[in-house]
Amino acid sequence: MSFRATCLTLFPEAFPGVLGVSIVGNALRQGIWELDAVDIRTFGLGRHRTVDDTPSGGGAGMVMRADVAAAAIDSVEQAGRPRIYLSPRGRPLDQKRVRELAAGPGVILLCGRFEGLDERVIEARGLEEVSVGDFVLAGGEVAAQALLEACVRLLPGVAGNAESLADESFEAGLLEHPHYTRPQVWDEREIPAVLTSGDHAKVAAWRRNQAEELTKARRPDLYAAFREASPQQGKAAKPRD
Ligand code: SAH
């Protein structure tokens, strides 16, 4: 059975968006995964199909109504899929959660707009709040596409080279080593000699060392977690040169 994604959105025309291109788009066309965009407006109230109202307690902006959002959510067959509300208040998405989601039957994603969603529907429908980062988007559609792209590229048969998934950033708890390709000299800069030495063990040690140094410098939080999780690995051997 293929991975099923249902996106509840006020802008169904935003889909498939970037999910229609490259390996993820090809996988969609091959039926490796399925995508439905459900228009929340369909469940709006009255002649104007109203979906929002002013915030209780006052203040700027509008809030998506609980009754409308619930009707949209309830119209979707859950089929064992987690219901996720993309929200800057959510747990930051990481590769571990992406792997878990990709291993499951799919996801139901609610894309917010305005100031957000009435709290009661989050509670009543047990929505898992997921954030794609500590910044505020205008709506959940781009966040939903980011989550889906991260999941779908892990599905069997999507990425051309399964090995390239294995030693990527985060998979080993580290950021990835730098990459180089031809030409050998560009802008007076040379490819590090070890990479053209043909010594695979030396290349592996160099990459591992670069990954650790990069992670230590850029993401001390990740590095601390990495050292805690794998103290026995200790520091990679310094490449001989
Ligand atoms: N007033 C809200 C922001 C609303 S932004 C607050 O301060 O928390 C409108 C919608 O965009 C949200 O309902 C959510 O679905 C989406 N969104 C914005 N930033 C996001 C982020 N970092 N991650 C996931 N979704 C986000």
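Per-chain numbering applies: the sequence of each chain, read as written, is numbered from 1 onward. Restriction of local features to residues with pLDDT of at least 70 applies here, the model being predicted, together with a cutoff of 80 or more for giving and counting side-chain atom pairs; totals for whole chains, interfaces and linings are based on all residues. Computation of side-chain values covers all heavy atoms of the structure but excludes hydrogens and water.

## Comments concerning the overall build of the protein chain
Looking only at helices and strands, one finds eight helices and nine strands in the protein chain. Its C-alpha atoms give the protein chain a radius of gyration of 22 Å, more than 25% over the compact-globule value 18 Å for 241 residues. Residue contacts follow a heavy-atom distance rule, with two residues in contact if any of their heavy atoms lie within 4.5 Å. Taking the contacts inside the protein chain whose residues are at least 6 apart along the sequence as the reference set, 72% of them involve residues at least 24 apart. Residues scored as charged are limited to Lys and Arg (positive) and Asp and Glu (negative), so that His and the chain ends carry no count. A single reference atom marks each charge: NZ on Lys, CZ on Arg, CG on Asp, CD on Glu. The average position of the 29 basic charges and that of the 34 acidic charges among the side chains of the protein chain differ by 2 Å. In DSSP terms, a helix is any run of H or I states spanning at least four residues, a strand is any run of E spanning at least two, and both are numbered starting from the N terminus. As a reference, a globule follows 2.2 Å times the number of residues to the power 0.38, and the radius of gyration itself is taken over C-alpha atoms.

## As for helix α5 (residues 141-152)
Every α-helical turn comprises 3.6 residues, leaving residues that sit three or four positions apart pointing alike. Helices are assigned an expected span. That span is 1.5 Å times one less than the residue count. The terminal C-alpha atoms of α5 lie 16 Å apart, and with 12 residues this matches the ideal 16 Å at 1.5 Å per residue to within 8%. Exposed residues in this analysis have more than 50% of their type's maximum accessible area, buried residues have under 20%, and partly exposed residues fall in between, with area computed by a 1.4 Å probe over protein chains only. The buried fraction of α5 is high, at nine of 12 residues. Those residues of α5 that fall on the buried side of the exposure criterion are Glu141, Ala143, Ala144, Gln145, Leu147, Leu148, Ala150, Cys151 and Val152.

## A short note on the packing of helix α3 (residues 95-103) against α5
Viewed as axis vectors pointing N to C, α3 and α5 meet at an angle of 70°, and their least axial separation amounts to 8 Å. One finds that α3 runs roughly perpendicular with respect to α5. Taken together, the residues of α5 that come into contact with α3 (itself represented by Val98, Leu101 and Ala102) are Leu147, Ala150 and Cys151. Residues were grouped as follows: Ala, Val, Leu, Ile, Met, Phe, Trp, Tyr, Cys and Pro as nonpolar; Asp, Glu, Lys and Arg as charged; and all remaining residues, including Gly, as polar. Class assignment for the residues of the contact of α3 with α5 results in six nonpolar, no polar and no charged. Each axis is a line fitted through C-alpha atoms, and for a helix only the stretch in contact is used; angles between axes span 0 to 180 degrees, taken between their N-to-C directions. The labels follow the angle: roughly parallel below 35 degrees, roughly antiparallel above 145, roughly perpendicular from 65 to 115, and oblique for the rest.

## As for the pairing of strand β5 (residues 83-92)
Judged from the four bridges that link them, β5 and strand β6 (residues 106-111) form a sheet pairing that is parallel. Paired with Arg83 across the strands is Ile108, a residue of β6. Where β5 and strand β7 (residues 128-131) come together, five bridges link them in parallel fashion. By the bridge assignment for β7, Arg91 is matched with Val130. If DSSP finds at least two bridges between two strands, the strands pair.

## Quick notes on the domain arrangement of the protein chain
Domain delimitation follows an automatic or database domain assignment. Under the domain assignment, the protein chain is made up of domain 1 (3-152) and domain 2 (167-233). Measuring from the centre of the C-alpha atoms in domain 1 to the corresponding centre in domain 2 gives 35 Å.

## Considering the site of the ligand
Neighbouring residues of the ligand: 20 residues in total, closest Tyr85, Leu86, Gly112, Glu115 and Phe135. Between N or O atoms, a polar contact is any pair within 3.5 Å; within protein, one atom must be a potential hydrogen donor and the other a potential acceptor, and residues adjacent in sequence are included only when both atoms are from side chains. Within the backbone of Gly139, a nitrogen or oxygen atom sits 3.4 Å from an oxygen atom of the ligand. In the model, an oxygen atom of the ligand is placed 3.5 Å from a nitrogen or oxygen of the Gly140 main chain. Surface accessibility follows the Shrake-Rupley procedure with a 1.4 Å probe radius. Residue values consider only the protein chains on display as shielding. Protein burial of the ligand: of its 570 Å² of free accessible surface, 85% is covered by the chains. The set of elements that each furnish at least two residues to the shell around the ligand consists of β5 and β7. Ranked by residue count, the leading element in the shell around the ligand is β5, at four residues. Of the residues belonging to the shell around the ligand, the class tally is 11 nonpolar, seven polar and two charged. Here, proximity means that at least one heavy atom of the residue falls within 4 Å of the molecule or strand.

## With respect to the nonpolar core
Residues belong to a common nonpolar core when they are buried Ala, Val, Leu, Ile, Met, Phe, Trp, Tyr or Cys residues joined through side-chain atoms within 4.5 Å. If you look at the biggest cluster of nonpolar residues, it comprises 28 residues, and the most contacted ones within it are Trp33, Ile84, Leu86, Val107, Leu109, Leu147 and Leu148. When contributions to this core are tallied by element, the ones reaching two or more residues are β1 (3-9), α1 (22-30), β5, α3, β6 and α5. Considering every element that reaches this core, the biggest residue donor is α5, with seven residues. Ignoring any residue separated from it by four or fewer positions in sequence, one finds Leu147 in contact with Ile84, Leu86, Leu93, Leu101, Val107, Leu109 and Val130. Counting 20 residues, the second largest nonpolar core, distinct from the first, contains Leu8, Val68, Ala70 and Val121.

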